Amino acid sequence: MKKAILTYTISIIIAVGIVLLVCGINGVLTTELEQKEVVRYVCDGFFVSAILFISVGVLTWTSRDGVFDGIGYAFYTWKQRYVNHKKDGKFGETYSEYKERVRAKKSKSSFVHFFIIGGVFA
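Calculation criteria
Residues numbered from 1 in each chain as written. Predicted model: local features only at pLDDT ≥ 70, side-chain atom pairs only at ≥ 80, totals over all residues. Heavy atoms only, no water. Salt bridge = Lys/Arg side-chain N within 4 Å of Asp/Glu carboxyl O. Helix = DSSP H or I, 4+ residues; strand = E, 2+ residues; numbered from the N terminus. Expected span 1.5 Å × (residues − 1). Contact = heavy atoms within 4.5 Å. Axes fitted to C-alpha atoms, helices over the stretch in contact; angles between N-to-C directions. Parallel < 35°, antiparallel > 145°, perpendicular 65-115°, else oblique. Left-handed = near helix turned anticlockwise from the far one by under 90°. Phe/Tyr/Trp six-rings, centres within 6.5 Å; stacked < 30°, edge-to-face > 60°. Buried < 20%, exposed > 50% of the residue type's maximum accessible area, 1.4 Å probe, protein only. Lys NZ or Arg CZ within 6 Å of the ring centre and 35° of its normal.

S.K.: Looking at this structure, I do not really get the pattern of salt bridges. What am I missing?
M.R.: One side chain can pair with another of opposite charge once the charged atoms of both are near each other. Going through the model one piece at a time under the given rule, you end up with two salt bridges. With its nearest N and O atoms 4.0 Å apart, the salt bridge here joins Asp 44 to Arg 40. With Asp 44 and Arg 40 both in helix H2 (residues 35-64) and four residues apart, this pair spans about one turn of that helix. Among the salt bridges present, the one from Lys 99 reaches Asp 69, with a minimum N-O distance of 3.7 Å. Taken together, the positions of Lys 99 in helix H4 (residues 95-105) and Asp 69 in helix H3 (residues 69-83) put the pair 30 residues apart, joining distant regions of the chain.

Okay, structure coming up:
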């Protein structure tokens, strides 16, 4: 429970920071602007924050399901061949063995908070 509260708190602080960053870049915090422009820049800040959080949530969700395992295995074999200089083609493990090893190491951390905070800020 404490970990979830801490996760949400940090995520909300980051999201608000993104909103303030977008507002600061557009001069909302430093210059006198018309009310219409202020509302536009604040909405832009919330939109950017929401899109970033939802995008990170989607990437986290897909990576947990193993979508990027093929790319990881390609880099693994490239490293074995060119960095570790194994030219004989015997790399120690097949793709299925690599996939099992990676799946065992993956944490079961939650990614739902990205979608919730992104949805609230949208």
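Resuming the write-up.
S.K.: Help me out: how do you make sense of H3 in this one?
M.R.: For an α-helix, the turn length of 3.6 residues means that residues three or four places apart are oriented alike. Compared with the 21 Å implied by 1.5 Å per residue over 15 residues, the 20 Å span of H3 between its first and last C-alpha is a close match. Residues of H3 that are buried make contact with H4.

S.K.: Hey, could you run me through the packing of H2 against helix H5 (residues 112-121) in this one?
M.R.: Geometrically, a packed helix pair is captured by the angle between its two axes and the distance between the axes. The N-to-C vectors of H2 and H5 enclose an angle of 160 degrees; their axes lie 8 Å apart at closest approach. By the criterion of interaxial angle, the relationship of H2 to H5 is roughly antiparallel. Seen along the crossing, H2 lies across H5 with a hand that is left-handed. When H2 is examined against H5, the residues Phe 46, Ser 49, Ala 50, Phe 53, Ile 54, Val 56, Gly 57, Val 58, Thr 60 and Trp 61 are found in contact with a partner set consisting of Phe 114, Phe 115, Ile 117, Gly 118, Gly 119 and Phe 121.

S.K.: I'm lost on the packing of aromatic side chains in this one. Help?
M.R.: The relation between two aromatic rings is expressed through the spacing of the ring centres and the mutual angle of the planes. This model, assessed by the stated rule, comprises nine aromatic pairs. Taken together, a centroid distance of 5.3 Å and an interplanar angle of 55 degrees make the contact between Tyr 73 and Tyr 98 tilted. Of this pair, Tyr 73 sits in helix H3 while Tyr 98 sits in helix H4, and the two are 25 residues apart along the sequence. The same class applies to Tyr 73 as to Tyr 98, namely buried. Residues Phe 111 and Phe 115 carry aromatic rings whose centres are separated by 6.1 Å and whose planes lie at 80 degrees to one another, so their mutual orientation is edge-to-face. By relative accessible area, Phe 111 is classed as buried at 14%. A connected cluster of aromatic rings, assembled from ring pairs, spans Tyr 73, Tyr 76, Tyr 95 and Tyr 98. A cation sits over an aromatic face here: Arg 101 above Tyr 76, 5.6 Å from the ring centre.

Note that every value here comes from positions in space, so none of it alone points to a role or purpose.
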